[in-house]
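# Reading the structure
This is what each chain is made of:
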Amino acid sequence: MTPEDAMALAIAESERVRGATSPNPPVGCVILDEGGKAVGFGATRPIGGAHAEVMALHEAGTKARGGTAVVTLEPCAHYGRTPPCTEALKEAGIKHVVHAVSDPNPRAAGGAKVLTDAGITVESGVLEQEVSRGPLRAWLHYARTGRPHVTWKYAASLDGRVAASDGTSQWISSETSRREVHELRAKLDAIIVGSGTVKADDPALTARDAGGMPLARQPLPVVVGMSDLPRGAKLEHTALHLRTHDPDEVLAALAERGVVEVLLEGGPTLAGAFLRAGRVDRVLAYIAPALLGDGPAAVLGAGVSTITDAVRLTVEDVTMSGPDLRVSAVPRT
Ligand code: AOF
Ligand code: ZN
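Under an unreviewed UniProt entry, the name given to the protein is Riboflavin biosynthesis protein RibD, and the source organism is Lentzea fradiae. What the UniProt record of the protein gives under Function (unreviewed entry) is the line "Converts 2,5-diamino-6-(ribosylamino)-4(3h)-pyrimidinone 5'-phosphate into 5-amino-6-(ribosylamino)-2,4(1h,3h)-pyrimidinedione 5'-phosphate."

## Examining the overall build of the protein
Assigned secondary structure in the protein consists of ten helices and 13 strands. Here the C-alpha atoms of the protein give a radius of gyration of 22 Å, agreeing with the 20 Å that 2.2 N^0.38 yields for 333 residues. If one aligns the C-alpha atoms of the protein with their principal axes, the spans along those axes are about 70 × 45 × 35 Å. Within the protein, buried positions represent 45% of all 333 residues. Partitioning the intrachain contacts of the protein with sequence separation of at least 6 by distance along the chain shows that 71% fall at a separation of at least 24.

## A few points about the nonpolar core
The biggest cluster of nonpolar side chains holds 91 residues, and the ones touching the most others in it are Cys29, Val30, Val70 and Val262. Residues from two domains meet in this core; each of domain 1 (3-141) and domain 2 (147-331) gives at least three.

## Re helix α10 (residues 268-276)
Every buried residue of α10 is listed here: Pro268, Leu270, Ala271, Ala273, Phe274 and Leu275. Contact partners of the buried residues in α10: β6 (149-157), β7 (190-194), β8 (220-224), α9 (247-256) and β10 (261-264).

## Description of the UniProt feature "domain: CMP/dCMP-type deaminase" (unreviewed entry) in the protein
This chain's UniProt record puts "domain: CMP/dCMP-type deaminase" (unreviewed entry) on residues 1-123. What you have in residues 1-123 is 30% helix and 21% strand, and the ends, taken at the C-alpha atoms, are 16 Å apart.

## Overview of the sheet that holds strand β4 (residues 96-101)
The strand order across the open sheet built from five strands is β2-β1-β3-β4-β5, with neighbouring strands paired in mixed fashion. Each edge of the open sheet is held by one strand with a lone partner, namely β2 (38-43) and β5 (121-124). Taking the axes of each pair of neighbouring strands and ignoring which way they run, one obtains an average angle of 15° across the sheet. As paired strands, strand β3 (residues 68-73) and β4 are joined by five bridges and run parallel to one another. Each residue of the ladder has a partner; that of leucine 73, found in β4, is valine 101. Against the sheet, helix α1 (residues 3-16) touches β1 (28-32), β2, β3, β4 and β5, its axis set at about 140° to β1. Those strands touched by helix α2 (residues 52-60) are β1, β2 and β3, and its axis lies near 145° from that of β2.

## What to know about the domain arrangement of the protein
Taken as a whole, the protein is organised into domain 1 (3-141) and domain 2 (147-331). Measuring from the centre of the C-alpha atoms in domain 1 to the corresponding centre in domain 2 gives 33 Å. With nine residues of domain 1 in contact, the opposing surface of domain 2 contributes eleven residues. Classifying every residue of the side of domain 1 that touches domain 2 by side-chain character gives four nonpolar, three polar and two charged.

## Quick word on unusual backbone geometry
Cis rather than trans, the peptide bond between serine 22 and proline 23 has omega equal to 5°. Structurally, proline 23 can be placed in the loop between α1 and β1. With omega at -10°, the peptide bond leading from glutamine 170 into tryptophan 171 counts as cis. Assignment of secondary structure puts tryptophan 171 in the loop between β6 and α7 (175-185). The phi dihedral of leucine 127 falls on the positive side, at around 55°, and the residue is not glycine.

## Concerning the confidence of the model for the protein
When the pLDDT values of the protein are averaged, the result is 94; 97% of them are 70 or greater. In the predicted structure, residues 210-214 sits below a pLDDT of 50 and forms two contacts with residues beyond four places in sequence or in another chain. For this predicted complex, the interface confidence score (ipTM) comes to 0.95, while the overall pTM stands at 0.93.

## Details of the pairing of strand β13 (residues 324-331)
Taken together, the five bridges between strand β11 (residues 282-288) and β13 define a ladder with antiparallel strand orientation. Within β13, the position partnered with isoleucine 287 by the bridge is leucine 325. For strand β12 (residues 313-321) and β13, the ladder comprises eight bridges, and the chain directions are antiparallel. Each residue of the ladder has a partner; that of valine 318, found in β13, is valine 327. What sits between β12 and β13 in their antiparallel hairpin is a turn of two residues, with glycine 322 showing a positive phi close to 60°.

Conventions we followed
- Residues numbered from 1 in each chain as written.
- Chains lettered and ligands numbered in written order.
- Predicted model: local features only at pLDDT ≥ 70, side-chain atom pairs only at ≥ 80, totals over all residues.
- UniProt positions renumbered as here; feature names shortened; annotations may be inferred.
- Helix = DSSP H or I, 4+ residues; strand = E, 2+ residues; numbered from the N terminus.
- Rg over C-alpha atoms; globule rule 2.2 N^0.38 Å.
- Buried ≥ 20, exposed ≤ 12 C-beta atoms within 10 Å, placed from the backbone.
- Contact = placed C-beta atoms within 7 Å.
- Core = buried A, V, L, I, M, F, W, Y, C linked by C-beta atoms within 7 Å.
- Domains from an automatic or database assignment.
- Pairing = 2+ DSSP bridges.
- Axes fitted to C-alpha atoms, helices over the stretch in contact; angles between N-to-C directions.
- Nonpolar A, V, L, I, M, F, W, Y, C, P; charged D, E, K, R; others polar.
- pLDDT = per-residue confidence, 0-100.

Next comes the structure, spelled out in structure tokens:
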């Protein structure tokens, strides 16, 4: 198997633990034996548990000797909550290491050099874009900035409205799109809404599993805003209620709780505050083939008063989600 094929499998391993490892990164690892056959698979365990390399080496056993470790992140070289992966790789007799991205965490970095010094060949940058835009995107952002990564998600009509003029909004997007959002929620640490959304929609903000099985882990629901939550609201006892509208204060409070990746789910005023503060790292729009005319826009008060103020984005991906358009875009830097 080529290193690229093995890295694709390592990415798939990491996807299985996305949302379950924070504040650690969801890393995937595949061990190839001397002949290039995959003999061990692993992914990061929940915080304090084993790293991906250790999990994969455990499965490979003695077959790892003389083999290759293919990892989405540079193996760590530090004694943190667990011993260094570089030591485990050396002890197992691994001869080659292939990784996608270098570790930006100064405490853990330096693994590539430690391995090279031990006579192990190291290749980096294999499927780097797939990993840094995929499973490790949020954590890389968090490691570099200290702030959780924010995806602003909304559903709107083709004319950019999120409700009709009387305020009714259920359901603009299709059932396929709504199911997709539930799957996405399960991979994130927290979901933020404004207290106005709680009043209007009484959301539960849970991730429902497509197969009907209860999920082991639910994202933390976060309500932002001064006003009290209505009595009997689904989120009354489950949500973290932050009485500030300042995005940086919200994100600092969440980072303190080990939150790495958040989904901002609305409404328009809260989205405006995050956009104005430059704290939207990705926009995920579900655009339904409908026109709502006089309803409210997806965002209010984004600080754009003239065309040169526009928040310019780069589209990363456009797909269909049932009858809807799904657009993923990131602010231009
Ligand atoms: C790896 N493989 O699977 C992960 C790594 O506190 P610790 O000991 O768990 O170390 C956490 C740091 O290790 C984390 O910030 C990141 O730099 C790296 N994570 N490294 O070799 C893994 N999850
Ligand atoms: Zn490690």
